[in-house]
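Single-letter residue listing:
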Amino acid sequence: MEGLGAGPGPPILRAVASSTRPLYQLLKAIHFTNKIHVEITENGLRFAADHARVMQGVAHWNKGLFTSYTTNLPSPAPREGDEDDDDEEDEPPSVTFQVSLPAVLETLQIFGAADAAARQARADVDPYRSNLRNYRADAFSNQTLGMSGTCAISYAREGEPFSIVLDEAGVTTTCNLTTYIPEAPDDIPFDIQDISFKIITSARWLLDALTELAPTSPEKLTIAASKREPFLRLSSSGGPLGSSSVDFAKGRDLLETFSVGGRWVQTFKFDIIKSACEAMRIASKVSLRGDGQGVLSMQFMVEVEGSGPSFLDFRFVPYAVCDDDEDEDEEDEEAEPGRLEM
Amino acid sequence: MVVLNFTLSEEGVAVLHDALACMFKFSDDVCLEARKDKLTLSTLNLSKSAYICFSFAVNRFFARYNFEGTPQHRDRFFCQLYIRSLLTIFRARPTSGDQRDRDTSIERCDVAIDDGVGRKSRLVARVSFRNGITASHSLPYEVKTPVHAKFNGDEARNHWAISSRTLRQLMDHFSPGIELLDINTDDENRIVNFTCFTEKVQKRGVVNNEAVLKKPLHTNIAVEMDEFDDVEVENKLHIIISVKDFRAILQHAQMTSGALTANYSHPGRPLKLSYSADGVLCEFILMTVGEKTALVQKHKNPQKNAAKAPAPQLDSTSHRASSVASENRSNPTPSTSRPPQNAIQTRPRQPAFEIRPSPMPPPTTARSSGLFVDQTEEDEQWEPVNPDEEEEEDDESGRLGWNNTNEPNPSSIRIGSYLSRQAEAQPEPPEHLVSGIDPTQRLEEVRRFGLFSD
């Protein structure tokens, strides 16, 4: 750890967290790519994952998740940005790099290694303990609580590794993750001025709806929002076992906020929407918005104990509205080069 | 045009799911047949050895039921559907019991079948959840005449009935890896035996094609007749069915508290298991493993002898020989006078357990009701009939004689089934051949190879 601060000047980022669990949970929700863009700002870390330029997932590690958070951003006068996740356009200068997401997730799970050893020892002395599912962490294990030690995150300067140091029960694990030059992909454009509909509902409902549609292994998911019944309808098509649809017809009970300008119907690839399932699982509320171009934005509110809510942002590009299927395929093909970037 | 529509309550959905889950263990698709007064789900397994039929009484099972019929078929409508997709629709949704308004359990389910000229033929299931979300699934189906198995109730004189739960508990004692279940009665001791075993052989030696039983374990569960509600079975009649099918049925039957009834005639003829609960009649027709008529005759005399004079002093040698017979199926010679020492030569390994000679156990009174077969069997009893039986097991389907026309004409079926049985009786080459000996060769011809010392 001494080596980290040895360079000229303080490191760009130094943050210490006492629990890795929320950090892990938030990142897990955007685990659909290999490399993610990390952006360090005054208010926290922003992780952006991109899938073939048709899906984007953004997770934030809010400053509040850390017990200490200090940045030393290179730009001379970083303006005071507000914490609201909605306006990403108005961000202060920041440091960006890419890092391997599976590696970060793996690292954050290292917590509890000592715990596993302790459990093993306990199993050895107690022969009557069931060895059934012994590999699973129980509810009170340190791995589940993620709070036995400290997790220090640092990034010295450009080109240096992203370093995660875990200290647990006298065992220190240092993980230096290689950083990559950012590819600076633009965010999927979402026009906040031209929102066609906005629905806030329980994330659980959305997950249930997708679970309901998934068994027919559909290819496409159509989301329709309308002023009259059914207010919100998700329907699947293209599956070999038939088609399904889910209606949120009793709008008053189900939809917390509901404002629809006109009928909005867009079709998405089912699998990319399904990638957001992990987010639906951990989130309490979801805000669905669609803009005039058909881009769908899903914002998930995740309640994290001890700090305020964290947000996960997803954006999806719909299939081009054409009569022929070829055009839709074309869109997929265009997206292919983007996949290579990952 | 809506041909059929009905509404199920939450419990109805669960019952339907259970029925489909049971059928899914036999087959991938199910035939739905709707009439004015009942809805029938039936399926036949791939080898056509098991037929499952669930009949739902319209007035008792459904919250609402309306059958319109099509111009072609006024009286009934039928179609075939994938069980897998139906299972996902009718599955129970997890209830989050903590918040009352967040209840995701099913409130009701409306099913409609839409058919007609110029319309997409679809089964539309609309599931309404308590929280206000509705999901509708539309499934394509195939219009296909259902196949129904015929069962002649007059012929099946043997029957017993027992609580399905009791029977399910007995199943816990079945050892793993077994395939066949032999149900037989013993009038003297007033017991019904459930014997389970397997005939699966494992090849040991490469050179001499030596084969041993994979699971040389027989489990015999003796149940007192008092446990049964009604037993009327021919004494010592052995009826053999597949354990896998039996398990699948009991898995479903235990959910109903009623009695399970079995009806059957004799080996090689179908056996019917049935039970009913709350307007649902569940019927299973299973093919039983047959035995050759000639074989039965052959067995008759020695059985009587054995019953009268069990000879315990004969045990070791004769039993060894019998082990060989069952292990080494390559030996097709119906030799009853084969000296045991030769048998020992051909089989260097002694199995850990004593193996009952043939899958059709000779019903001797000398047989103990213990776990293993007693050793008092005489040589005549274990005639190596295995090649034939093996073949019979494989070919069960041939004898089933399902009637596709759904016309009650049992006599013609019977003839057909007998004919096919005769065809089967011709021995096929068994799996494990002793090099150079054709299984159909006569004993005299074989003798000169010096395999047997006279």
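Coordinates for the structure precede this section.
Bear in mind that the values here come from a model prediction, so they are computed numbers and not experimental data.

### Let's talk about the overall build of chain A
Thought 1: When you go through chain A residue by residue, the secondary structure sums to nine helices and 19 strands.
Thought 2: In chain A, which comprises 342 residues, the share counted as buried stands at 48%.
Thought 3: Restricting to contacts in chain A with at least 6 residues of sequence separation, those with at least 24 account for 66%.
Thought 4: Only carbon and sulfur atoms are counted for the fraction: they give 49% of the accessible area of chain A, which is about 16,500 Å².

### Remarks on the pattern of salt bridges
Thought 1: By the definition in use, this model includes 19 salt bridges over all chains.
Thought 2: The salt bridge involving E283 of chain B is made with K272 of chain B; its shortest N-O contact spans 3.3 Å. Note that E283 of chain B is positioned in strand β20 (residues 280–286) and K272 of chain B in strand β19 (residues 271–277), a separation of 11 residues in sequence.
Thought 3: Three or more residues joined by partner-sharing salt bridges are found here, namely E39, R46 and D187 of chain A.

### Notes on the interface of chain A and chain B
Thought 1: With 18 residues of chain A in contact, the opposing surface of chain B contributes 21 residues.
Thought 2: Summed over both sides, the interface of chain A with chain B buries roughly 1,600 Å², with 52% coming from carbon and sulfur.
Thought 3: When residues of chain A are sorted by the area they lose upon contact with chain B, W205, E212 and L241 of chain A head the list and together hold 37% of the total.
Thought 4: Our count for the contact surface shared by chain A and chain B stands at two salt bridges.
Thought 5: Where the side of chain A that touches chain B is concerned, the elements lending two or more residues are α5 (203–213) and β14 (243–247) of chain A.
Thought 6: Taken together, the residues that form the side of chain A that touches chain B break down as seven nonpolar, six polar and five charged.

### As for the sheet that holds strand β10 (residues 158–163) of chain B
All names here are of chain B.
Thought 1: Judged by pairing direction, the sheet is antiparallel, and its nine strands sit side by side in the order β6-β2-β3-β4-β20-β19-β18-β10-β16 without closing on themselves. Looking at which strands have only one partner, the edges of the open sheet turn out to be β6 (76–82) and β16 (230–232). The sheet shows a mean angle of 15° between the axes of neighbouring strands, taken without regard to direction.
Thought 2: Here seven bridges tie strand β4 (residues 50–57) to β20, and the two strands are oriented antiparallel to one another. Along β20, the bridge assignment pairs I52 with F284.
Thought 3: In the packing of helix α3 (residues 83–90) onto the sheet, the strands contacted are β2 (29–35) and β6, and the crossing angle to β6 comes to about 90°.

### Concerning the pairing of strand β6 (residues 95–100) of chain A
Residue and element names in this part refer to chain A.
Thought 1: Relative to β6, strand β2 (residues 35–41) is paired through six bridges, and the arrangement is antiparallel. The partner of I36 across the bridge, within β6, is V99.
Thought 2: Pairing between β6 and strand β10 (residues 179–180): two bridges, direction antiparallel. When the bridges of β10 are listed, Q98 appears paired with Y180.

### Quick notes on the environment of H159 of chain B
Residue and element names in this part refer to chain B.
Thought 1: For H159, the position within the fold is in strand β10.
Thought 2: What makes H159 buried here is its relative accessible area of 18%.
Thought 3: Put simply, H159 and G132 are 27 residues apart on the chain and 50 Å apart in space, counted from C-alpha to C-alpha.
Thought 4: Setting aside chain neighbours within four positions, we find H159 in contact with D230, V231, E232, V233, A262 and N263.

### Description of the sheet that holds β14 of chain A
Thought 1: The strand order across the open sheet formed by nine strands is β16(A)-β12(A)-β13(A)-β14(A)-β9(B)-β8(B)-β7(B)-β1(B)-β5(B), and the pairing between neighbours is antiparallel. The open sheet has two edge strands with one neighbour each: β16 (264–269) of chain A together with β5 (64–67) of chain B. Neighbouring strand axes in the sheet, compared pairwise and without regard to direction, differ in orientation by 15° on average.
Thought 2: By the bridge criterion, five bridges tie β14 of chain A to strand β9 (residues 134–140) of chain B in an arrangement that is antiparallel. Following the sheet pairing, S245 of chain A is matched in β9 of chain B by S136 of chain B.
Thought 3: Its contacts with the sheet put helix α1 (residues 10–24) of chain B on β1 (2–9) and β7 (106–114) of chain B, and the angle it makes with β1 of chain B is roughly 105°.
Thought 4: Contacting β1, β7, β8 (122–129) and β9 of chain B, α3 of chain B runs over the sheet at an angle of about 170° to β9 of chain B.

### Some words on the packing of α1 of chain B against α3 of chain B
Residue and element names in this part refer to chain B.
Thought 1: Relative to each other, α1 and α3 sit at 150°, their axes nearing to 9 Å. Classified by the interaxial angle, the pair formed by α1 and α3 is roughly antiparallel. Taken as a pair, α1 and α3 cross one another with a handedness that is left-handed. Where α1 approaches α3, its residues V13, L16, H17, L20, A21, M23 and F24 are matched on the opposing element by I83, R84, L86, L87 and F90.
Thought 2: Its residues assigned to classes, the contact of α1 with α3 shows 10 nonpolar, one polar and one charged.

### A look at the packing of helix α1 (residues 21–28) of chain A against helix α2 (residues 101–108) of chain A
Residue and element names in this part refer to chain A.
Thought 1: Between α1 and α2, the shortest axis-to-axis distance is 10 Å and the interhelical angle comes to 155°. The angle between the axes of α1 and α2 places the two elements in the roughly antiparallel class. The handedness of the crossing between α1 and α2 is left-handed. Here L23, Y24, L27 and K28 of α1 come into contact with α2, specifically with L101, V104, L105 and L108.

Here is what the cut-offs are and how they apply
Residues numbered from 1 in each chain as written. Chains lettered and ligands numbered in written order. Predicted model: local features only at pLDDT ≥ 70, side-chain atom pairs only at ≥ 80, totals over all residues. Heavy atoms only, no water. Helix = DSSP H or I, 4+ residues; strand = E, 2+ residues; numbered from the N terminus. Buried < 20%, exposed > 50% of the residue type's maximum accessible area, 1.4 Å probe, protein only. Contact = heavy atoms within 4.5 Å. Areas by Shrake-Rupley, 256 points an atom, 1.4 Å probe, with all protein chains shown as cover. Salt bridge = Lys/Arg side-chain N within 4 Å of Asp/Glu carboxyl O. Buried area = accessible area lost by both parts, 1.4 Å probe. Nonpolar A, V, L, I, M, F, W, Y, C, P; charged D, E, K, R; others polar. Pairing = 2+ DSSP bridges. Axes fitted to C-alpha atoms, helices over the stretch in contact; angles between N-to-C directions. Parallel < 35°, antiparallel > 145°, perpendicular 65-115°, else oblique. Left-handed = near helix turned anticlockwise from the far one by under 90°.

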